[in-house]
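# Inside the fold
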Amino acid sequence: MQEDVVKQDLLSRVEEFIGKDLTEVEVIFRAELESCNPYVTDVFAHVSRFRGKRLRPMLLLLSASATGGITHSHKVLAAVVEMIHTATLGHDDVLDDAEPRRHVATVNARWNNETSVLFGDYLFTHAF
């Protein structure tokens, strides 16, 4: 219990330090994945519901801050890292035949394996 409090306190302090930059990463992430295709929009809206702690973008921004400062390029790269991570989760859910993630149905559970793989591929193509 005490360890969880310490971890949460640390994450809160990190978010205070880079919160504005992390918010901008989220804006870049969402803008890049906007689609006029309602099917893609629906899947992305669903995936957005199980947003994690964004540890990878946090680490990237903290590293940038420690080595000269955070630039727009760092924020774009942080969004790319999150796209790749999200894509791998979708593919992994297919391999594991996972149904819930953070108490929400995975893409393959809600739609099917093909949708999960194709959405992961969609994320990969936008990341690259």
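Preceding block: the structure.
As the structure is a prediction and not an experimental result, all values here were calculated from the model.

### Comments concerning the environment of V104
For V104, the location among the structural elements is in strand β2 (residues 104–105). For the pair formed by V104 and H46, sequence separation is 58 residues and the distance between their alpha carbons is 8.7 Å.

### Regarding the side chain of H46
Relative to the elements of secondary structure, H46 occurs in helix α2 (residues 38–48). Not counting the four nearest positions on each side in its chain, H46 is found in contact with V104, A105, T106, V107, R110 and W111.

### What to know about the packing of aromatic side chains
This structure, assessed with the given rule, holds 2 aromatic pairs. With 5.8 Å between their ring centres and 45 degrees between their planes, F29 and F44 make a pair best called tilted. Here F44 lies in helix α2 and F29 lies in helix α1 (residues 2–32), a separation of 15 residues in the sequence. With relative accessibility at 4%, the residue F29 sits in the buried group. Considering the side-chain rings of F119 and Y122, the 5.9 Å spacing of their centres and the 20 degrees angle between planes classify their relative orientation as stacked.

### A few points about the pattern of salt bridges
Within this structure, the stated rule accounts for 7 salt bridges. When the shortest N-O distance is used, the salt bridge between R54 and E82 registers 2.9 Å. Highlighted residues: R54 in the loop between α2 and α3 (55–66) and E82 in helix α4 (residues 72–96), separated in sequence by 28 residues. Given a relative accessible area of 10%, R54 falls into the buried group. For E82, a relative accessible area of 5% translates into the label buried. Salt bridges linked by common partners bring K20, D21, E24 and K75 together as one network.

Definitions and limits used
Residues numbered from 1 in each chain as written. Predicted model: local features only at pLDDT ≥ 70, side-chain atom pairs only at ≥ 80, totals over all residues. Heavy atoms only, no water. Helix = DSSP H or I, 4+ residues; strand = E, 2+ residues; numbered from the N terminus. Contact = heavy atoms within 4.5 Å. Phe/Tyr/Trp six-rings, centres within 6.5 Å; stacked < 30°, edge-to-face > 60°. Buried < 20%, exposed > 50% of the residue type's maximum accessible area, 1.4 Å probe, protein only. Salt bridge = Lys/Arg side-chain N within 4 Å of Asp/Glu carboxyl O.

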